Amino acid sequence: QVQLVESGGGLVQPGGSLRLSCAASGSIDTIYDMGWYRQAPGEQRELVATITTASNTNYADSVKGRFTISRDNAKNTVYLQMNTLRPEDTAVYYCNANLKTLRVRVPRDYWGQGTQVTVSS
């Protein structure tokens, strides 16, 4: 069993900051890429940022220069620092990890349950 547990969402005013965390736990063998996605009401889920095991990063154009993804491999945790938040950043944010478990040695994607981020005055 593998679990991805997100934390750090909430309500923030435009221009404010939030930091999301996502910790992976369970019978994990190896974690490869990790990332954050988001889904606004009535919209499809979209990529926000990804990070490799070597900490190479990729960002959606809409968040470049405002969001920073990082990871702590020792803690199986990925973070998303979100600065200068805008109302259009409002969405449910989902953590993603591509990993192998001790039982199933083929990598597959796992998802967290999501955390709500609301940017509003």
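So, here is what we can say about the structure in this document.

Calculation criteria
- Residues numbered from 1 in each chain as written.
- Predicted model: local features only at pLDDT ≥ 70, side-chain atom pairs only at ≥ 80, totals over all residues.
- Heavy atoms only, no water.
- Disulfide = S-S within 2.5 Å.
- Helix = DSSP H or I, 4+ residues; strand = E, 2+ residues; numbered from the N terminus.
- Buried < 20%, exposed > 50% of the residue type's maximum accessible area, 1.4 Å probe, protein only.
- Core = buried A, V, L, I, M, F, W, Y, C linked by side-chain atoms within 4.5 Å.
- Contact = heavy atoms within 4.5 Å.
- Phe/Tyr/Trp six-rings, centres within 6.5 Å; stacked < 30°, edge-to-face > 60°.
- Lys NZ or Arg CZ within 6 Å of the ring centre and 35° of its normal.
- Polar contact = N/O pair within 3.5 Å; in protein donor to acceptor, adjacent residues only side chain to side chain.

### Some words on the state of the cysteines
At step 1: If you walk through the whole model with that rule in mind, you get one disulfide.
At step 2: Residue Cys22 pairs covalently with Cys95 via a disulfide, S to S 2.1 Å. A torsion of -80° about the S-S bond marks the disulfide between Cys22 and Cys95 as left-handed. Residue Cys22 is located in strand S3 (residues 18-26), and its partner Cys95 is located in strand S9 (residues 91-101); the two are separated by 73 residues in the primary sequence. With respect to burial, Cys22 and Cys95 carry one shared label: buried.

### What about the nonpolar core?
At step 1: Counting 31 residues, the largest nonpolar core has Trp36, Leu80, Met82 and Tyr93 as the members making the most contacts within it.
At step 2: Elements supplying a minimum of two residues to this core: strand S1 (2-7), S3, strand S4 (28-39), strand S5 (46-51), strand S7 (67-72), strand S8 (77-82), S9 and strand S11 (115-119).
At step 3: If one sorts the elements of this core by residue count, S9 sits on top with five residues.
At step 4: Each residue touching Met82, except ones within four places of it in the same chain, is listed here: Gly16, Ser17, Leu18, Leu20, Arg66, Phe67, Tyr93 and Val117.

### Details of the packing of aromatic side chains
At step 1: Scanning the entire structure with this criterion turns up one aromatic pair.
At step 2: With 5.1 Å between their ring centres and 65° between their planes, Tyr37 and Trp111 make a pair best called edge-to-face. Residue Tyr37 is located in strand S4, and its partner Trp111 is located in strand S10 (residues 108-111); the two are separated by 74 residues in the primary sequence.
At step 3: Judged by its relative accessible area of 37%, Trp111 is partly exposed.
At step 4: The ring of Tyr79 carries Arg19 above its face, with NZ or CZ at 4.1 Å from the centroid.
At step 5: We note Arg108 situated over the ring of Tyr110; from NZ or CZ to the ring centre the distance is 3.9 Å.

### As for the environment of Ser62
At step 1: Looking at where Ser62 falls in the secondary structure, it is placed in the loop between strand S6 (57-59) and S7.
At step 2: Judged by its relative accessible area of 36%, Ser62 falls in the partly exposed class.
At step 3: Spatially, the C-alpha atoms of Ser62 and Val48 are 8.3 Å apart, while their sequence positions differ by 14 residues.
At step 4: Filtering out sequence-adjacent residues up to four positions away, Ser62 remains in contact with Arg38 and Arg86.
At step 5: Side-chain polar atoms of Ser62 contact the side chain of Arg38, separated by 3.4 Å.

### Observations concerning the environment of Thr77
At step 1: Its place among the elements puts Thr77 in strand S8.
At step 2: For Thr77, a relative accessible area of 8% corresponds to the buried category.
At step 3: Sequence separation of Thr77 and Val5 is 72 residues, and the distance between their C-alpha atoms is 9.4 Å.
At step 4: Residues within four places of Thr77 in sequence aside, it is in contact with Cys22, Ala23, Met34, Ser70, Arg71 and Asp72.
At step 5: A polar contact is formed between the side chain of Thr77 and the backbone oxygen of Lys75, at a distance of 2.8 Å.

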